[in-house]
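Letter by letter, the chains look like this.
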Amino acid sequence: MTEPTLGLVCCSAGGLEDVRAELIKPLVTDGWRVAVTVTPTAAEWLRSSGEFDLIEELTGISVRDRPKLPTEVSPHPTVDCYAVVPATANTVAKLALGIADNQALTQVCEAIGGGDVPVVVFPRVNAAHAGQPAWTAHIEALTRAGVHLVYGHDVWPLHAPRSAPGKILPWDDIRKAISRVVSA
Ligand SMILES: Cc1cc2nc3c(=O)[nH]c(=O)nc-3n(C[C@H](O)[C@H](O)[C@H](O)COP(=O)(O)O)c2cc1C
């Protein structure tokens, strides 16, 4: 593979503010193309911080935050892998159930269902998200579907809600998981 392409999906969770510096920039430096799609709330956050434009500048590809019109051509290239980083509890639940009510979910739900494009997910959740009664079933459903989860006490010990603002995401584990699935 000459120039691998990552479809990066970002949600409105902690760590979103570091995605450009900690994930996109190292991947671009390593020769990846990165096509970013964000949830509607993540788009608001990135626009208000100025990161939305900076990501487009860095990748040279428009950031998607809405579905295209039926008459429009997709602005994104075909991808070799999807990564959902950070993934909110909300988006993880929707992915497990196949709910595709925004552009980010549409892309990843199709990849999970199609089974041809590997999907890496880092759930940026706390102990209350993981204690929600449906959570375990969501994680099991995604695992059964072949989704590569960066998840568990060793990579992301769960914290109490609002107790860990600014908690650093396990960027190294996330980057390694992406490289691993593409070279597999
Ligand atoms: C400041 C702030 C931080 C948040 N951090 C998280 C988080 O780390 N993980 C999470 O699952 N939800 C978090 N949320 C809640 C999500 O933003 C919210 O559930 C949102 O509806 C998710 O939408 P999305 O999945 O479409 O991005 C946070 C909300 C706020 C306002």
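Conventions and cut-offs
- Residues numbered from 1 in each chain as written.
- Predicted model: local features only at pLDDT ≥ 70, side-chain atom pairs only at ≥ 80, totals over all residues.
- Helix = DSSP H or I, 4+ residues; strand = E, 2+ residues; numbered from the N terminus.
- Rg over C-alpha atoms; globule rule 2.2 N^0.38 Å.
- Buried ≥ 20, exposed ≤ 12 C-beta atoms within 10 Å, placed from the backbone.
- Pairing = 2+ DSSP bridges.
- Near = placed C-beta within 6 Å.
- Nonpolar A, V, L, I, M, F, W, Y, C, P; charged D, E, K, R; others polar.
- Expected span 1.5 Å × (residues − 1).
- Arc of directions from axis to C-beta.
- Contact = placed C-beta atoms within 7 Å.

Undergrad: Teacher, can you tell me more about the overall build of the chain here?
TA: Helices and strands together make up the secondary structure of the chain, namely 8 helices and 5 strands. Whereas a compact globule of 184 residues would reach a radius of gyration of roughly 16 Å, the chain reaches 15 Å, a difference of no more than 12%. Considered along the principal axes of its C-alpha atoms, the chain spans approximately 40 × 35 × 35 Å. Taken over 184 residues, the chain has a buried fraction of 39%.

Undergrad: What should I look at first to understand the pairing of strand β3 (residues 81-87) in this one?
TA: Remark: a regular strand shows side chains that alternate across the two faces of the sheet. Where burial is concerned, most of β3 is hidden: 7 out of the 7 residues are buried. Here strand β1 (residues 5-10) pairs with β3 via 4 bridges, running parallel. Pairing of leucine 6 across the sheet is with cysteine 81, part of β3. Of the pairings in the sheet, the one linking β3 to strand β4 (residues 119-123) comprises 4 bridges and is parallel in character. Opposite alanine 83, over in β4, you have valine 120 as the bridge partner.

Undergrad: Honestly, unusual backbone geometry in this entry has me stumped. Any pointers?
TA: When glycine is set aside, most residues are seen to have a negative phi, and most peptide bonds are trans. Cis peptide bonds are those with omega within 30 degrees of zero, and the linkage from valine 85 to proline 86 qualifies with -10°. Position of proline 86 relative to the elements: it lies in strand β3. The residue arginine 162 is not glycine, and still its phi comes out positive at about 60°. Mapping arginine 162 onto the fold places it in the loop between β5 (148-149) and α8 (171-183). Classification of arginine 162 by C-beta neighbours within 10 Å gives exposed; the count is 8.

Undergrad: How should the site of the ligand be read in this particular structure?
TA: Around the ligand sit 14 residues, and of these Cys11, Ser12, Ala13, Thr39 and Thr88 come closest. For the shell around the ligand, the secondary structure elements donating two or more residues are α2 (40-49) and α4 (89-97). The element best represented in the shell around the ligand is α4, accounting for 3 residues. Residues that form the shell around the ligand fall into these classes: 5 nonpolar, 8 polar and 1 charged.

Undergrad: Would you explain α8 in this entry?
TA: A rise of 1.5 Å per residue sets the reference length of α8, with its 13 residues, at 18 Å; its end C-alpha atoms lie 18 Å apart and thus fit the reference within 8%. When we look at burial in α8, the residues that qualify are Ile174, Ala177 and Ile178. Take α8 and look down its axis: the buried residues cluster within an arc of 95°, on one side only. For α8, the exposed residues set more than 90 degrees away from the buried face come down to Asp172 and Ser183. Next to the buried residues of α8 lie β1, α1 (19-29), β3, β4 and β5.

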